[in-house]
Amino acid sequence: MPGHAPSRGAAIVDHKTRQTRIEPTEVICVGEALWDLYAPEGIPLEQAKLLRRVPGGGAVNTAMALARLGVPSGVCAALGDDALGRGLRDEVAAAGVDVGRLALGAARTGLMLVAIARGEARFAGYRQGELEARELAAALPARWQARVVHFTGIAPVRGAIGAIARAAAAARREGCAVSIDVNARPRMWPRAGRAAAPARVGAGAAAPAGAGAGAGDGVRGCFRLFAQADLVKCSTGDLEVLGTTARALRERLRPEATLVVTDGARATLVLGPEGERAVAPRPVRPLDPTGAGDAFCAGMLASLAWEARARWADPALMLRAVARGHDVARAWVRRKRG
C-alpha cells in the first residue's frame, strides 16, 4: 500500500496450546466490546433463569468475523477493569483477535441481554454510554499500524466524538483506509446528540430549533468523523436516527468515498463516486439476526483489506465487496450464537 507503514506484529495467544504467534494486524475495529447474554431460545427475558454469555458489540463481532475469514484483525475498545472485562478480553484473544488495544478502565463492562424467538431478537442493555465513549477516546493509539481502521457504533458524546474524528484523520495521514459503520444506538446516545436533521447543519450554523443548548455538537462531531471515511455503511434505521437521507449523507462525504445503505432483506444501495447502484441479497430465514450488520461489514472488509486505499473508489470492486458482505451476513444469521 503506497505510503503505508507496515502492520505491526500482533502477539496472538492460542489459549488451547498456550503458544504465542506473531501476525500482522490488517484491520483494527474501533468501538464497543461487551457481553451478549442469551436467554434459551424461545424463552422471554422476563422468564429466563439461565443466560449464556457470548462476546458481542460491533467492534468485537466484526473483528471475530474477520478472523474467521482469514483477515488478521484487532479491537480497540474500553472494558471495565473487572472480571467480566478481563474474561471478555481473554475470550476474544482466544478467537485469534489482537487485543493489544483493549483498555481496562473505570466504565463497567457492558452487558446486552438477548432473547430470540422465531428468528427475531429482543434486547435489554446495561451500558454506561457516555463514560464508555470517553474511555474509548482515551484509549485511542497514537499510531494504528494497520491497513484499515474500522469505526463502529460511535456515540456522539461531546468531546469524545471530536477525539475519535481526529484519530480517524490521523489514520488517513498514516495511510490507512477508514471505514465506518454508523450502527446507531439511539438509547445510548446522550440527549444532546439527537438533534433533528443534522444533514442541514453546516459548519458554523445554528443548531436546529428546539434541540437545546449544545444539541448539535455531538452530531456535528459524527459528521466530522464520516468526512474522514473511504467507506460509510449505514442502515435505513441509522439514517432515521441521524435525521438525514442517503443522498444528503453522501454529499457530506469525501468525493471518492462510498456510502452503502442496507435495508434488511431489501436491496442494498451503493452510492459511490460514479453514481448509484443496488445489490439485492439472497433471501434467508434467520435463526439469530444479532450482529448481522457487523458480519456484513466484515464481509466487505475481507474483500477490501488488501486493496490500496485508492482502489476503494472502484465501483466494480465495491459491488463485489457488498455482494460478499451479503454472503457473510447470510451465513452469520443462519447459525445460533446463544
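Cut-offs applied
Residues numbered from 1 in each chain as written. Predicted model: local features only at pLDDT ≥ 70, side-chain atom pairs only at ≥ 80, totals over all residues. Heavy atoms only, no water. Helix = DSSP H or I, 4+ residues; strand = E, 2+ residues; numbered from the N terminus. Buried < 20%, exposed > 50% of the residue type's maximum accessible area, 1.4 Å probe, protein only. Contact = heavy atoms within 4.5 Å. Areas by Shrake-Rupley, 256 points an atom, 1.4 Å probe, with all protein chains shown as cover. Pairing = 2+ DSSP bridges. Right-handed = clockwise from strand over helix to strand, strands pointing away. Axes fitted to C-alpha atoms, helices over the stretch in contact; angles between N-to-C directions. Expected span 1.5 Å × (residues − 1). Parallel < 35°, antiparallel > 145°, perpendicular 65-115°, else oblique. Left-handed = near helix turned anticlockwise from the far one by under 90°. Nonpolar A, V, L, I, M, F, W, Y, C, P; charged D, E, K, R; others polar. Salt bridge = Lys/Arg side-chain N within 4 Å of Asp/Glu carboxyl O.

Engineer: Explain the overall build of the protein to me, using residue names and the numbers behind them.
Structural biologist: The helix and strand inventory of the protein stands at nine helices and 15 strands. The 338 residues of the protein split such that 53% are buried. At a minimum sequence separation of 6, the contacts of the protein that also span at least 24 residues come to 71%. Total accessible area on the protein is roughly 14800 Å²; 52% of this is exposed by carbon and sulfur atoms.

Engineer: Report on the pairing of strand β11 (residues 177–181), specifying residues and quantitative values.
Structural biologist: Buried residues dominate β11, accounting for five of its five residues. The side-chain alternation of β11 yields two buried faces, one formed by Ala177, Ser179 and Asp181 and the other by Val178 and Ile180. When strand β10 (residues 148–152) meets β11, the two strands line up parallel, connected through five bridges. Opposite Phe151, over in β11, you have Ile180 as the bridge partner. Remark: the β10/helix α4 (residues 160–174)/β11 crossover connection has right-handed handedness. Strand direction decides the pairing type here: β11 and strand β12 (residues 231–235), joined by three bridges, are parallel. The residue bridging Ser179 from the neighbouring strand is Leu231, located in β12.

Engineer: Before we move on, can you summarise helix α1 (residues 58–68) with the specific residues and values?
Structural biologist: For α1, the buried fraction is high: nine of the 11 residues fall into the buried class. Immediately beyond the C-terminal end of α1, within one or two residues, lies Gly70, with a positive phi of roughly 90°.

Engineer: Run through the sheet that holds strand β5 (residues 52–56), naming residues and quoting values.
Structural biologist: What the four strands build is an open sheet, ordered β5-β4-β8-β9; its pairing is mixed. Strand pairing shows two members of the sheet lacking a second neighbour, β5 and β9 (120–126), which therefore form its edges. Each strand of the sheet is rotated relative to its neighbour by a mean of 30°, with strand direction disregarded. Pairing geometry for strand β8 (residues 110–117) and β9, over seven bridges, is antiparallel. Directly across from Ala117, in β9, lies its bridge partner Glu120.

Engineer: Residue-level account of α4, with values.
Structural biologist: Taking 1.5 Å of rise per residue, 15 residues should cover 21 Å, and α4 covers 21 Å from first to last C-alpha, within 8% of that figure. Among the 15 residues in α4, 12 count as buried, and that is most of the element. Regarding α4, the residues found buried are Ala160, Ile161, Gly162, Ala163, Ile164, Ala165, Ala167, Ala168, Ala169, Ala171, Arg172 and Glu174. Note on α4: the residue one or two positions beyond its end, Gly175, has a positive phi of about 105°.

Engineer: Provide a residue-level description of the packing of α1 against helix α8 (residues 292–304), including the pertinent values.
Structural biologist: Where α1 meets α8, the axes come as close as 8 Å, and the angle between the chain directions of the two elements is 45°. Judged on the interaxial angle alone, α8 and α1 are oblique. Crossing angle aside, the handedness with which α1 passes α8 is right-handed. Along the contact surface, α1 presents Gly58, Asn61, Thr62, Ala65 and Leu66, while α8 presents Asp294, Cys297, Ala298, Leu301 and Ala302. Split by residue class, the contact of α1 with α8 holds six nonpolar, three polar and one charged.

Engineer: An account of the pattern of salt bridges is needed here, citing residue identities and associated values.
Structural biologist: Going through the model one piece at a time under the given rule, you end up with 18 salt bridges. Of the charged contacts, one joins Glu276 and Arg247 as a salt bridge, the two residues approaching to 2.9 Å between their closest N and O atoms. Of the two residues, Glu276 is situated in strand β15 (residues 275–279) and Arg247 in helix α7 (residues 246–251); the sequence distance between them amounts to 29 residues. What makes Glu276 partly exposed here is its relative accessible area of 39%. Within this structure, Glu32, Arg127 and Glu132 form a network of salt bridges that share partners.

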